[in-house]
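Observations on the three-dimensional arrangement
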Amino acid sequence: MALGKIRAGMGDVEAPSVEVWTDADQARATGFLQLLAPDGRLVGDAPKLEPALLRELHRGMLRVRVLDEKMLLLQRQGRIAFYAESRGQEAAVIGAVAALQPGDYVVPAHREIGAALYRGLPLPNVVAQLLGNAHDVAQGRQMPVHQSAPRALNFIPPSSCVATQLPHATGIAWAAKMRHDPIVVLAYLGEGATSAEDFHAGVNFAAVYRVPCVFLCENNQWAISTPASRQTASETFAIKALAYGMPGVRVDGNDVLAVHAAVTLAVTRARAGGGPTLIEAVTYRMGAHSSSDDPHAYRGLAEEAAWRAKDPIDRFETWLAATGVLDAAAVARERAAIEAEIAAAVAAEEPVGPPPLRSLIEHVFERPSAALEEQLAELVRVRERRPVVPG
């Protein structure tokens, strides 16, 4: 009996093979979709995007870049406890979220503050969360950079537990499908999350039930100190999608136009009932994993310099200037406006006190139990107790 095509990883099994994906599927999952080269030249088809949207994409990216710069300084000054930058990943974050409609859901990892801002979260809410003050939507219950948002934004609060958001994203999408609600769920993850059990559970369930979910894997090369090469023996992360029975797409994650194009196509497919897609956005975490990390303990300066030459904002600004959409003066004005916005938010939120003490026992039960009320009363008594002064 003649043998069919044997895919990589199947070995030399002498049996007829069943081809479960096409060469085109494999090409998308192992290729590299790019529209803008690192020097800002257009190398793919010109995007059919309105200048207003292009400016919004740029502002979204620049806003999170400047926010990272300012908030990391606040952390170093001891004014906030912790911070994790998105520097270098702005194109992946903003290019993806901009492909959604207002009713769609965002299920973030922990570098997607820019997506929340793009969806309409007021900047003072972000600063309040970083401070954990009384204006924080979550009343200081989450660590900094784990942003909560008003329900109307359909932005789910992130968790530090790796990949646990993926079954949640699939569940939201499945519920929407059962209710015939034409929404799409965008779930962000890092490449390290593909090594976790919840990645398998989330994407497998999504593919089996053909739910309207787009999984955006931001392959930023490092899961804290573990390099991407230690996460998988697969040729790419996008190719994992094919074994689950969904399309996989590999894209230049530092090219906002390519990310937007890939996610738009996946969102359109999902909304039409075509099921989920896994997109690998190849990008780089230019800063430390968090304000508690020293990246130079595990990676070299030459590597960082090579990726700085691929900066997503620089290349986009070069192309925008070449096309007459945005010049250097306009960029400078935009940066100044963002800096003023951030300064005003910090000035307004820093004097705000902590959440009310009673918030410790609220929002779990409809009515706090007698035991919780008793514990709160005891805490109040302890706090009001005055030290005895020897006389």
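Bear in mind that the values here come from a model prediction, so they are computed numbers and not experimental data.

Conventions and cut-offs
- Residues numbered from 1 in each chain as written.
- Predicted model: local features only at pLDDT ≥ 70, side-chain atom pairs only at ≥ 80, totals over all residues.
- Heavy atoms only, no water.
- Axes fitted to C-alpha atoms, helices over the stretch in contact; angles between N-to-C directions.
- Helix = DSSP H or I, 4+ residues; strand = E, 2+ residues; numbered from the N terminus.
- Left-handed = near helix turned anticlockwise from the far one by under 90°.
- Contact = heavy atoms within 4.5 Å.
- Nonpolar A, V, L, I, M, F, W, Y, C, P; charged D, E, K, R; others polar.
- Buried < 20%, exposed > 50% of the residue type's maximum accessible area, 1.4 Å probe, protein only.
- Salt bridge = Lys/Arg side-chain N within 4 Å of Asp/Glu carboxyl O.
- Patch = residues over 30% accessible without salt bridge, like charges linked within 9 Å, V, L, I, M, F, W, Y side chains within 5 Å.
- Areas by Shrake-Rupley, 256 points an atom, 1.4 Å probe, with all protein chains shown as cover.
- Right-handed = clockwise from strand over helix to strand, strands pointing away.
- Core = buried A, V, L, I, M, F, W, Y, C linked by side-chain atoms within 4.5 Å.
- Disulfide = S-S within 2.5 Å.
- Pairing = 2+ DSSP bridges.
- Phe/Tyr/Trp six-rings, centres within 6.5 Å; stacked < 30°, edge-to-face > 60°.
- Lys NZ or Arg CZ within 6 Å of the ring centre and 35° of its normal.

The interhelical angle for the contact between helix H3 (residues 90-97) and helix H9 (residues 256-271), taken along N-to-C directions, is 40°, at an axis separation of 8 Å. Crossing of H3 over H9 shows right-handed handedness. Where H3 approaches H9, its residues Ala91, Ala92, Gly95 and Ala96 are matched on the opposing element by Val256, Val259, His260 and Val263. Considering only residue class, the contact of H3 with H9 consists of six nonpolar, two polar and no charged.

Turning our eyes to something else, we now look at the environment of leucine 376. Relative to the helices and strands, leucine 376 is located in helix H13 (residues 370-384). The exposure class of leucine 376 is buried, given its relative accessible area of 10%. Taking C-alpha positions, leucine 376 is 8.1 Å from leucine 357, a pair spaced 19 residues apart along the chain. Apart from residues lying up to four places away in sequence, leucine 376 is in contact with Leu357, Arg358 and Ile361.

Bringing the pattern of salt bridges into the picture now. Across all of its chains, the model carries 19 salt bridges by this definition. Among the ionic pairs, arginine 59 bridges to glutamate 341, the shortest N-O distance being 3.6 Å. Of the two residues, arginine 59 sits in helix H2 (residues 51-76) while glutamate 341 sits in helix H12 (residues 328-349), which places them 282 residues apart along the sequence. One salt bridge connects aspartate 252 with arginine 315, and the closest N-O pair in it is separated by 2.9 Å. With a gap of 63 residues between them, aspartate 252 in strand S6 (residues 248-252) and arginine 315 in helix H11 (residues 312-322) connect regions that are remote in the sequence.

A separate point is a nonpolar patch on the surface. On the surface, Phe205, Val208 and Tyr209 cluster together to form a nonpolar patch covering roughly 270 Å² of accessible area. On the secondary structure map, phenylalanine 205 appears in helix H7 (residues 197-208).

We now examine the pairing of strand S7 (residues 277-282). It is a general feature of regular strands that their side chains alternate between the two faces of the sheet. With respect to burial, S7 is a largely interior element, six of its six residues being buried. Burial of S7 is two-sided: the residues Thr277, Ile279 and Ala281 facing one way and the residues Leu278, Glu280 and Val282 facing the other way are all buried. For the crossover that starts at S6, traverses H9 and ends in the parallel S7, the hand is right-handed.

Bringing the nonpolar core into the picture now. Counting 68 residues, the largest nonpolar core has Leu67, Met71, Tyr188, Ile279 and Phe316 as its most contacted members. In terms of residues, this core owes the most to one element, H9, which gives nine residues. Excluding residues within four positions of it along the chain, methionine 71 makes contact with Ile80, Tyr83, Leu130, Ile342 and Val346. Counting 21 residues, the second largest nonpolar core, distinct from the first, contains Val107, Ala173, Leu189 and Phe199.

All chains considered together, the criterion is met by zero disulfides. There is no disulfide at cysteine 161, and the cysteine sulfur nearest it, in cysteine 217, is 18 Å away. By relative accessible area, which is 48% here, cysteine 161 ends up partly exposed. Free cysteine cysteine 217: the closest other cysteine sulfur is in cysteine 213, separated by 13 Å. Overall, the relative accessible area of 1% leaves cysteine 217 in the buried class.

Attention now goes to the sheet that holds strand S3 (residues 213-219). Here we have five strands laid out as an open sheet, ordered S1-S2-S3-S7-S6, and parallel in their pairing. Here the strands that pair on one side only, and so sit at the sheet edges, are strand S1 (105-107) and S6. Between one strand and the next, the sheet's axes are offset by a mean angle of 20°, whatever the strand orientation. Those strands touched by H9 are S3, S6 and S7, and its axis lies near 160° from that of S6.

The next thing to look at is the environment of proline 124. Mapped onto the elements, proline 124 comes out in helix H5 (residues 123-131). Residue classification places proline 124 among the partly exposed residues on the basis of a relative accessible area of 33%. Sequence separation between proline 124 and aspartate 104 is 20 residues; the distance between their C-alpha atoms is 23 Å. For proline 124, the residues in contact, after removing those within four places along its chain, are Ala345 and Glu349.

The relative placement of two aromatic rings is captured by the distance of their centres and the angle of their planes. Within the structure shown, the criterion is met by seven aromatic pairs. With 5.0 Å between their ring centres and 70° between their planes, tryptophan 174 and phenylalanine 205 make a pair best called edge-to-face. Of the two residues, tryptophan 174 sits in helix H6 (residues 165-178) while phenylalanine 205 sits in helix H7, which places them 31 residues apart along the sequence. For tryptophan 174, a relative accessible area of 29% puts it in the partly exposed group. Summarising the aromatic geometry, the rings of tryptophan 174 and tyrosine 209 are spaced 4.9 Å apart at their centres and angled 45° between planes, so their arrangement reads as tilted. Here tryptophan 174 is found in helix H6, whereas its partner tyrosine 209 is found in the loop between H7 and S3, with 35 residues between them in sequence. Cluster of aromatic residues (ring-pair linked, three or more members): Trp174, Phe205 and Tyr209. Between lysine 310 and the ring centre of tryptophan 307, over which it is positioned, the NZ or CZ distance is 4.3 Å.

That's the geometry; what it means functionally is another story.
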